[in-house]
Amino acid sequence: MLKQSPIAIAVASALMLAGTAVAGPVADKPMLVAQAATTPAPATAAPAAASKRPAPLRKRAPEAAPAPSNEVMVFDSKGVRLAPFSAAMLAEHLVMETDGFDHKQATQEGTTGRDRLAQDEIQRLCSGKNVKLDDKTTARINEMAAATIKYPEGGIKLGDWKKGRELAWSGFGFRTAHQVDDHSKQGPGANCYNCHQIATDRTGGTLGPELTGYGKIRGINPDMLKYTYDVIYNPHTYFACSNMPRSGAKAILTQQQIMDVMAYLFDPESPVNK
Ligand code: HEC
């Protein structure tokens, strides 16, 4: 009993709900008041042109999952039967049945649900079926992303690894629909564990490379600090069309919070390097 509905919009909604990088124009978030670091900052890095990308870390192999069944029970003019669950049906379901996406709903960044569906240039270049980037487009995306990065006035210094750990663990923030995140009660997190294994005291996702021992493996030096700041601020600077969120460029994290997360990755006292 599928009714006709604006499938294209719905598919876009479905993609958004599935957690693909979606970001609308957001207001600049004020920087936090400088936090006193409990650990000495071992090195600083002056803002400079994009540095070379270091050798990649090991990528974790995802665990084998059982093949998903794509058949669902449908009830239509042919009666009750099993039928393949198509993208169109999923879109139909999300729009018609779940009440999950309201285009007029307010977002935490002061826009609407509809604004969140509008793609920016990088999202446009990275969207579509089997996107194959040529070198020119890759370079263009890298450049556009690098141009969004703003560096802290005092240079890149490691912040407080304990605050960074809390941020890395938290997936709170910017969620709308049924469970609206109230930023006045709790600040947005960095959500790093959703995709990365980082320390051994919590299980992380497998979408991104394992970051366990990051500081010990990579070493603390200005180039590495800048590289890591850039990746967290806007990963497309080095990885065009990355799945990783643009935490700095989209004002999810402040500069200070990025440096706190970096302390979690680099600090010898952090569980990441124990
Ligand atoms: C939605 C998934 C996702 C989230 C969330 C995410 N990352 Fe990533 N990250 C990736 C992927 C995937 C890569 C590999 C680069 C690529 O191919 O896009 C990556 C790469 C990196 C790298 C570079 C690794 C290298 O080889 O040098 C660092 C550092 C990193 N992530 C740190 C973080 C931190 C810190 C956070 C939290 C602020 C975070 N990531 C959140 C998916 C994610």
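Criteria and cut-off values
- Residues numbered from 1 in each chain as written.
- Predicted model: local features only at pLDDT ≥ 70, side-chain atom pairs only at ≥ 80, totals over all residues.
- Buried ≥ 20, exposed ≤ 12 C-beta atoms within 10 Å, placed from the backbone.
- Helix = DSSP H or I, 4+ residues; strand = E, 2+ residues; numbered from the N terminus.
- Pairing = 2+ DSSP bridges.
- Near = placed C-beta within 6 Å.
- Core = buried A, V, L, I, M, F, W, Y, C linked by C-beta atoms within 7 Å.
- Contact = placed C-beta atoms within 7 Å.
- Axes fitted to C-alpha atoms, helices over the stretch in contact; angles between N-to-C directions.
- Parallel < 35°, antiparallel > 145°, perpendicular 65-115°, else oblique.
- Nonpolar A, V, L, I, M, F, W, Y, C, P; charged D, E, K, R; others polar.
- pLDDT = per-residue confidence, 0-100.
- Expected span 1.5 Å × (residues − 1).

S.K.: What is the right way to look at the pairing of strand β1 (residues 71–76) in this model?
M.R.: Within a regular beta strand, the side chains point alternately toward one face of the sheet and then the other, so they alternate between its two faces. Here β1 lies mainly on the outside; 0 of its 6 residues are buried. Examined bridge by bridge, β1 and strand β2 (residues 79–84) share 6 bridges and lie antiparallel to one another. Within β2, the position partnered with Val-74 by the bridge is Arg-81. Counted between consecutive antiparallel strands, the loop separating β1 from β2 contains 2 residues.

S.K.: How should I be thinking about the site of the ligand in this particular structure?
M.R.: Neighbouring the ligand are 25 residues; Ala-190, Cys-192, Cys-195, Gly-208 and Ser-242 lie closest to it. For the shell around the ligand, the element with the most residues is helix α8 (residues 222–233), which contributes 3 residues.

S.K.: Can you help me understand the nonpolar core in this one?
M.R.: Among the nonpolar cores identified, the biggest contains 33 residues, and Ala-168, Ile-258, Val-261, Met-262 and Leu-265 are the most heavily contacted of them. Of all elements in the fold, only α6 (161–169), α8 and α9 (255–266) reach the threshold of two or more residues within this core. Looking at this core, the element that brings in the most residues is α9, giving 8 residues.

S.K.: I tried to follow the environment of Lys-274 on my own but got confused; where do I start?
M.R.: Checked against the element boundaries, Lys-274 lands in the segment after α9. For the pair Lys-274 and Ala-199, spaced 75 residues apart in sequence, the C-alpha to C-alpha distance is 8.4 Å.

S.K.: Got a minute to help me understand the environment of Ser-242 in this structure?
M.R.: Along the chain, Ser-242 turns up in the loop between α8 and α9. Taking the C-alpha atoms as reference, Ser-242 lies 9.6 Å from Gly-208; in sequence the two are 34 residues apart. The residues contacting Ser-242, other than those within four sequence positions of it, are Pro-235 and His-236.

S.K.: Would you mind going over the packing of α6 against α9 with me for this structure?
M.R.: Pairs of packed helices are described in terms of their axes, by the angle between the two and the distance that separates them. Where α6 contacts α9, the two axes come as close as 7 Å, and the packing angle between them is 100°. With respect to α9, the element α6 is oriented roughly perpendicular. Contacts between α6 and α9 pair Trp-161, Lys-163, Gly-164, Arg-165, Leu-167 and Ala-168 from the former with Gln-257, Asp-260, Val-261, Met-262, Ala-263 and Tyr-264 from the latter. By residue class, the composition of the contact of α6 with α9 is 7 nonpolar, 2 polar and 3 charged.

S.K.: Help me understand unusual backbone geometry, please; the structure alone is not making it clear to me.
M.R.: The phi angle of most residues is negative, glycine excepted, and most peptide bonds adopt the trans form. Despite not being glycine, Phe-174 has its phi angle at roughly 70°, a positive value. Positive phi values are uncommon outside glycine, yet Cys-241 reaches one of about 65°. Tracing the chain through its elements places Cys-241 in the loop between α8 and α9. When the 17 C-beta atoms within 10 Å are taken as the criterion, Cys-241 is described as partly exposed.

S.K.: Got a minute to help me understand α6 in this structure?
M.R.: Given 3.6 residues per turn, any residue in an α-helix points the same way as the ones three and four places further on. Judged by how many residues are buried, α6 sits mostly within the fold: 7 of 9 residues are covered. Restricting attention to buried positions, one finds in α6 the residues Trp-161, Lys-163, Gly-164, Arg-165, Leu-167, Ala-168 and Trp-169. Here the buried face of α6 lies against α9.

S.K.: Whenever I open this one, the confidence of the model for the chain confuses me. Can you help?
M.R.: The predicted coordinates of low-pLDDT regions are not to be read in fine detail. This prediction gives the chain a mean pLDDT of 83; 81% of its residues lie at or above 70. Counted against residues more than four places away or in other chains, residues 1–41, with its pLDDT under 50, gives 75 contacts.

S.K.: How should I be thinking about the environment of Gln-197 in this particular structure?
M.R.: The residue Gln-197 is located in the loop between α6 and α7 (214–218) in this model. Judged by the 18 C-beta atoms lying within 10 Å of it, Gln-197 is partly exposed. As for Gln-197 and Pro-209, which are separated by 12 residues in sequence, their C-alpha atoms are 7.5 Å apart. In contact with Gln-197, other than residues within four places in its own chain, are Arg-60, Gly-204, Glu-210, Leu-211 and Thr-212.

S.K.: Please explain α9 as it appears in this structure.
M.R.: For α9, spanning 12 residues, the distance from its first C-alpha to its last is 16 Å, which sits close to the expected 16 Å at 1.5 Å a residue. Burial of α9 is extensive: 11 of the 12 residues sit out of reach of the surface. Of the residues making up α9, those classed as buried are Gln-255, Gln-257, Ile-258, Met-259, Asp-260, Val-261, Met-262, Ala-263, Tyr-264, Leu-265 and Phe-266. The secondary structure elements touched by the buried residues of α9 are α6, α7 and α8.

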